[in-house]
Each structure stands twice: as C-alpha cells, then as structure tokens.
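Summary of structural features
This is what each chain is made of:
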Number of protein chains: 2
Amino acid sequence: MIGGWEDIRAEVLRRIRVRDWPPGDLIPTEEALAIEFGCARATVNRALRELAEAGVLERRRKAGTRVAMLPIRKATLDIPVIRQEIEARGQTHAFRLLQQHEGPPPVPVASRLGLPATARLIYLETLHLADGQPFVLETRWLNPAVLPAPLPDFAALSANEWLVTHIAYATGDIAFSAQTATAHEATIMGLSPHAALFITERTTWTAEAPITFVRLAHAPGYRVQTMV
Amino acid sequence: MIGGWEDIRAEVLRRIRVRDWPPGDLIPTEEALAIEFGCARATVNRALRELAEAGVLERRRKAGTRVAMLPIRKATLDIPVIRQEIEARGQTHAFRLLQQHEGPPPVPVASRLGLPATARLIYLETLHLADGQPFVLETRWLNPAVLPAPLPDFAALSANEWLVTHIAYATGDIAFSAQTATAHEATIMGLSPHAALFITERTTWTAEAPITFVRLAHAPGYRVQTMV
DNA sequence: GATCGCATTATGTGCAGACATAATATCCTT
DNA sequence: AAGGATATTATGTCTGCACATAATGCGATC
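Residues numbered from 1 in each chain as written. Chains lettered and ligands numbered in written order. Predicted model: local features only at pLDDT ≥ 70, side-chain atom pairs only at ≥ 80, totals over all residues. Heavy atoms only, no water.

This brings us to the relation of the copies chain A and chain B. Copy one and copy two of the chain differ by a rotation about a common axis and a shift along it. Overlaying chain A on chain B yields an RMSD of 0.3 Å, the required transformation being a rotation through 180° with an accompanying axial translation of 0.2 Å. Expressed as an axis order, the relation between the two copies is that of a two-fold axis. Considering only C-alpha atoms, the part of chain A nearest the rotation axis is Thr76 of chain A, at 2.0 Å. Both copies share a contact surface, since 98% of the interface residues of chain A are interface residues in chain B too. (Least-squares fit on C-alpha atoms with pLDDT ≥ 70 in both. Contact = heavy atoms within 4.5 Å.)

The structure is reproduced here in structure tokens:
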C-alpha cells in the first residue's frame with residue numbers, strides 16, 4: 001500500500017541507505033519519480049522537501065536534487081519555560097529574585113544585544129528551585145525600551161514566564177557551553193567551588209530591537225536531550 | 001503585495017504578536033482564512049502547518065487551530081563531523097587513536113544501547129586536535145555485529161567519518177551536559193584538574209539494531225550555537 | 001577566446017476540487 | 001441519565017494543472 005508522501009519519503013530514504021543513490025548522487029527529477037510512484041508531482045515534492053529540510057538531500061532549482069555528501073545532522077530540541085521543565089520532572093518549581101536594578105550593562109552583554117554600552121537596562125538575578133534545591137541561576141538583562149508597560153513585579157512573576165506571554169514569538173539565538181562555577185555562583189547554588197555548570201545563553205529580538213539577554217547556569221547533572 | 005504562504009505565515013504571526021489572537025485562542029478555520037486572504041485553502045494550510053511545526057500553533061482535526069499556550073520554542077542545531085567543524089574554523093584537523101580494544105561495555109553504555117552487558121563491543125579512544133591543540137576527546141563503543149566488513153584502520157581513518165560514509169542516515173538521540181574533567185581527561189587534554197568540559201553524548205541506531213555510543217568531551221571554551 | 005544574453009530545465013509555489021481521517025457534537029435508545 | 005451509534009466538521013492529504021523562479025549551458029557577439 002504505497003502512495004502517501006510519507007511512503008515516498010521512506011522509499012527515498014531506503015534507496016539512499018542501501019546506496020542505490022550514494023552520497024553526492026543526483027537523483028531522478030520530481031516528475032520522473034512521480035511517474036515511477038504513480039502519484040502527482042506535488043506529492044513527490046512534499047516528500048523531497050521534508051528530506052531536504054532534514055539535511056538528507058540538497059536541492060537547487062534547475063540543478064536538481066542530490067544526496068547530501070556530508071550529512072550535517074540537524075537536531076531539534078525544545079526550549080521550554082523553566083517552570084514547565086521542572087514540573088515535567090514531577091518536581092515543584094519555586095524561585096527567588098536575588099537582585100534587581102537598572103543601569104548600563106557590561107560591555108559583552110551590550111555588544112551581544114547590539115546596544116551602546118550606555119543604554120540603561122534592567123538587570124535581574126533569579127534562582128530557580130526544583131523541590132527546594134537550586135536548579136538554575138538566571139541572570140538577565142532586559143531592554144525596557146521595547147517592553148510593554150507596566151512591568152510586573154518580578155519577585156512574584158518570573159521574567160521567564162512574563163516574557164513568553166507578553167512578547168509573543170520573537171526570534172533570537174541560543175548557545176550552550178560549559179563553565180566552571182564562579183565563587184559567587186557556587187555560594188548561591190550551594191555547590192563545590194569548581195563544579196561544572198551547563199550554560200545556556202539566549203539573545204531575543206523583536207523584528208527591530210533587542211529584548212533580552214539571559215544566561216542560565218544549570219546545576220551539575222543537567223542535560224539537554226534530543227531525538228533526531 | 002500579499003499572497004504567498006510566507007506572507008500568510010507572517011500575517012498570522014503578526015496577529016498573534018499583537019494579541020489579536022491571544023494564547024489559547026481558537027483562530028479561524030483554514031477555509032475562512034483562505035476567503036479572507038483571497039487564496040486557496042492549500043496555501044493557508046501550508047502557512048499554518050509551518051507555524052504548527054515551529055510550536056506556535058496547535059492543530060487538531062475537527063477541534064481547529066489554536067495559539068499555543070506555552071510556546072515551547074524549538075531550536076535546531078547542526079551536528080557536523082568533527083573534522084568539518086574544525087576546518088570551518090580555519091584550523092587544521094588531526095587526530096590520534098589512543099586506545100582500541102574489544103570487550104564487554106560498562107553497564108551504563110550497554111543499557112543506553114539496549115544490549116546485554118555481555119555483548120562484545122569495540123572501544124575506541126580518539127583525541128582530535130585543532131591546530132595541534134586538544135579539541136575534543138572521543139570515546140566510542142561500536143557494535144561490530146551491525147557494521148559492514150571490513151573494518152578500516154581507525155588509526156588512519158576517524159571512526160566519526162567512516163561511520164557517516166558507511167552507515168547512511170541512521171537515527172539516534174543526542175544529549176548535552178557539563179562535567180568536570182577527570183584526572184585522566186585533564187592529563188590527556190592538558191587541562192587544569194577541575195576544568196569544565198562540554199559533553200556531547202550520542203547514541204546511533206539503524207532501524208533495528210544499535211550501532212554506536214559516543215561521548216565527546218570538548219575542551220573549555222567550546223560552544224554550540226543555534227539560530228532560532 | 002571571453003562575455004553577454006537567451007533558451008532550457010528542475011524546483012518552488014499556487015489554485016480548485018476531491019476524498020480521507022479524526023474528533024467532536026448530537027440524537028436515539030435503553 | 002447513561003450509553004452508544006451517527007452526523008458534522010476542521011484538518012490532512014492527494015490530484016492535475018499552471019505559472020514563477022533560478023541556475024545552467026549553449027550560442028551569438030565582440
């Protein structure tokens with residue numbers, strides 16, 4: 001029972017796997033495949049487009065479709081709200097606002113946001129707890145110029161959650177790295193001095209202006225998991 | 001000039017952003033939107049499907065399409081071959097095979113691969129260098145039962161690259177974490193005793209059987225970067 | 001021989017109509 | 001009132017056709 005675009009995608013993948021179509025090879029045109037599979041070209045197109053998005057195929061107009069030479073695997077991972085992430089583990093979420101003030105950001109932060117170092121930003125330092133244990137230390141700079149007024153009380157409502165419900169669907173970039181805990185972090189989070197922290201850094205933009213830069217320092221044991 | 005599915009996607013996003021359609025809200029049906037935008041339903045479908053894949057919308061047959069309550073952001077990142085990654089930085093890649101032997105894997109490895117602890121696997125320990133400096137320590141267990149013979153000389157050809165060209169398009173999962181360097185790792189990579197390593201762990205499967213489990217310990221300073 | 005322009009071609013996108021599928025809502029029965 | 005069969009509805013997918021767009025490669029021109 002063959003016919004759906006998912007069947008076609010599976011068949012194409014199979015041919016690639018068994019090296020019918022080796023890496024770098026040009027595969028038949030959509031029209032040829034449509035005839036072979038006895039379906040419309042749009043159906044073949046749908047299947048091949050999915051595979052191209054997954055990095056398995058490379059497509060160019062006129063040039064045709066070829067099997068990717070070096071299969072740069074693409075992994076997609078979910079970036080949930082912290083509360084949601086903790087509750088998904090069956091733990092209870094709480095947080096404490098440690099610091100809040102307004103002033104010019106450090107130079108690296110300003111440059112990542114593309115703002116002058118003289119810009120006045122809101123700084124928030126929040127510790128998130130899972131079942132009472134330190135889970136992640138959030139240090140955030142907010143650009144008040146682009147935020148809808150009035151700002152909430154960040155001691156009562158995590159900036160994390162206020163943003164996702166008030167700045168819908170912004171873009172940005174995310175970076176992961178590992179860093180040794182600073183003395184300050186070790187103290188706050190109750191860690192040994194040289195603990196390895198998993199760091200997530202995120203810059204968020206509206207179409208025009210930077211909104212926020214956030215650095216999340218995750219306690220040891222934290223993992224980001226993905227299904228390919 | 002409105003009409004393409006990308007324009008429709010943009011317009012829907014705009015309405016979500018300005019809270020015309022707040023989170024949790026049911027938006028008009030594809031047919032209604034098609035009439036409003038003066039296009040075919042298939043075009044609206046394409047736009048809404050993309051937004052649903054991005055996690056912005058939630059769609060269910062008959063129930064309709066609603067704006068996602070908690071926008072679980074999805075980030076996609078590229079997982080390149082190590083050599084490629086180093087060369088993309090303009091550095092030269094080299095590697096040294098430190099260990100190779102065959103035997104039963106440690107229990108955690110066996111369980112992640114779904115194999116009995118008595119299985120005989122090939123163990124490889126490889127240090128990858130960027131411009132002569134330790135870049136990443138690769139520890140890998142290979143399942144010889146599912147590998148095409150003959151196996152190459154892993155001292156001459158990195159397992160990393162041999163696999164991508166000989167096991168086309170397998171599936172698997174990836175996990176990222178941070179760990180303090182062990183004494184062994186610190187020595188091999190020339191690090192201070194408590195350096196924070198960025199760890200990538202990857203399990204790879206064919207349709208039926210596990211192929212390999214690999215742990216990559218990246219030298220301090222390593223970052224995984226993403227554009228959302 | 002080098003360059004520009006044009007025809008060719010494969011993919012990208014669009015449209016109108018149709019049927020499939022899943023999930024809800026409703027009605028009927030007990 | 002509870003339960004199950006059925007109608008309804010919104011999305012999911014397919015078809016066949018059309019035109020748009022980009023990139024290649026050929027040929028004409030200088």
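That covers the picture; the talk isn't over yet.
Around DNA strand C, a shell composed of 21 residues is seen, among which Arg59 of chain A together with Gly4, Trp5, Thr43 and Arg60 of chain B lie nearest. Between a phosphate oxygen of DNA strand C and a main-chain N or O atom of Ala40 of chain B, the distance comes to 3.1 Å. Of all the secondary structure elements, the ones that give two or more residues to the surface near DNA strand C are α3 (41-53), β1 (57-60) and β2 (64-67) of chain A together with α3 (41-53) of chain B. It is α3 of chain B that contributes the most residues to the surface near DNA strand C, 3 residues altogether. Of the residues that constitute the surface near DNA strand C, the class distribution is 3 nonpolar, 7 polar and 11 charged. (Near = heavy atom within 4 Å. Polar contact = N/O pair within 3.5 Å; in protein donor to acceptor, adjacent residues only side chain to side chain. Helix = DSSP H or I, 4+ residues; strand = E, 2+ residues; numbered from the N terminus. Nonpolar A, V, L, I, M, F, W, Y, C, P; charged D, E, K, R; others polar.)

Attention shifts here to the protein's contact with DNA strand D. Lining the immediate environment of DNA strand D, one finds 23 residues, of which Gly4, Trp5, Thr43 and Arg60 of chain A together with Arg59 of chain B sit closest. Per the 4 Å cut-off to the protein, sugar and phosphate atoms form 73% of the nearby atoms of DNA strand D. Within the side chain of Arg41 of chain A, an N or O atom sits 3.2 Å from a base nitrogen of DNA strand D. The contact in question runs from a sugar or linking oxygen of DNA strand D to an N or O atom on the side chain of Arg61 of chain B, over 2.9 Å.

With that settled, consider the interface of chain A and chain B. The interface is formed by 54 residues belonging to chain A together with 54 residues belonging to chain B. Carbon and sulfur atoms supply 54% of the area buried between chain A and chain B, which totals about 4,900 Å² over both sides. The partner of Arg223 of chain B in a salt bridge is Glu201 of chain A, and the shortest N-O contact between them spans 2.8 Å. For the pair chain A and chain B, the interface holds 10 residue pairs in polar contact (both at pLDDT 80 or more). Contributions of two or more residues to the side of chain A that touches chain B are made by α1 (5-17), α3, β3 (73-79), α4 (82-88), α6 (159-166), β7 (171-180), β8 (196-205) and β10 (223-227) of chain A. Per-element tally for the side of chain A that touches chain B: the top contributor is β7 of chain A, with 9 residues. Across the side of chain A that touches chain B, the residue classes tally to 29 nonpolar, 11 polar and 14 charged. In the sheet, β3 of chain A pairs with strand β4 (residues 73-79) of chain B via 7 bridges, with the strands oriented antiparallel. (Buried area = accessible area lost by both parts, 1.4 Å probe. Salt bridge = Lys/Arg side-chain N within 4 Å of Asp/Glu carboxyl O. Pairing = 2+ DSSP bridges.)

In this section: the domain arrangement of chain A. As far as domains go, chain A holds domain 1 (5-67) and domain 2 (82-218). Domain 1 of chain A and domain 2 of chain A are separated by 43 Å when their C-alpha centres are compared. (Domains from an automatic or database assignment.)

The full count for this structure, using the stated rule, is 30 salt bridges over all chains. Salt bridges here are not isolated pairs; linked through shared partners, they connect Glu6, Arg9, Arg46 and Glu50 of chain A.

With that settled, the discussion passes to the side chain of Glu185 of chain B. Residues and elements named next belong to chain B. Positionally, Glu185 belongs in helix α7 (residues 183-189). Take Glu185: its relative accessible area is 5%, and that puts it in the buried class. Of the polar contacts made by the side chain of Glu185, one reaches the side chain of Arg215; its length is 2.8 Å. Apart from residues no more than four positions distant in its own chain, Glu185 is found in contact with Leu137, Thr180, Gly190, Leu197, Arg215 and Ala217. (Buried < 20%, exposed > 50% of the residue type's maximum accessible area, 1.4 Å probe, protein only.)

Right, let's get into the packing of helix α2 (residues 30-37) of chain A against α3 of chain A. Residue and element names in this part refer to chain A. Interhelical geometry of α2 versus α3 gives an angle of 110° and a closest axis separation of 8 Å. The pairing of α2 with α3 is recorded here as roughly perpendicular in orientation. Every pair of crossing elements has a handedness; the one defined by α2 and α3 is right-handed. Contacts between α2 and α3 involve Glu30, Glu31, Leu33 and Ala34 from the first element and Arg41, Val44, Asn45 and Leu48 from the second. Class assignment of the residues belonging to the contact of α2 with α3 gives a composition of 4 nonpolar, 1 polar and 3 charged. (Axes fitted to C-alpha atoms, helices over the stretch in contact; angles between N-to-C directions. Parallel < 35°, antiparallel > 145°, perpendicular 65-115°, else oblique. Left-handed = near helix turned anticlockwise from the far one by under 90°.)

Take the packing of α3 of chain A against α3 of chain B next. A pair of packed helices is captured by two measures, namely the crossing angle of their axes and the spacing between those axes. As a packed pair, α3 of chain A and α3 of chain B sit with axes 15 Å apart at the nearest point and diverge in direction by 30°. As the angle between them shows, α3 of chain A and α3 of chain B are arranged roughly parallel. Between α3 of chain A and α3 of chain B lies a crossing whose hand is right-handed. Of the residues in α3 of chain B, those in contact with Arg46, Arg49, Glu50 and Glu53 of chain A of α3 of chain A are Arg46, Arg49, Glu50 and Glu53 of chain B. Residue classes in the contact of α3 of chain A with α3 of chain B are distributed as no nonpolar, no polar and 8 charged.

Another point: unusual backbone geometry. Residue and element names in this part refer to chain A. A positive phi is found at Arg19, a non-glycine position, where the angle reads about 65°. Secondary-structure assignment places Arg19 in the loop between α1 and α2. Exposure remark for Arg19: the relative accessible area of 35% places this residue in the partly exposed category. Its identity as a non-glycine residue notwithstanding, Asp131 has a phi of 55°, on the positive side. Here Asp131 shows up in the loop between β5 (121-130) and β6 (133-142).

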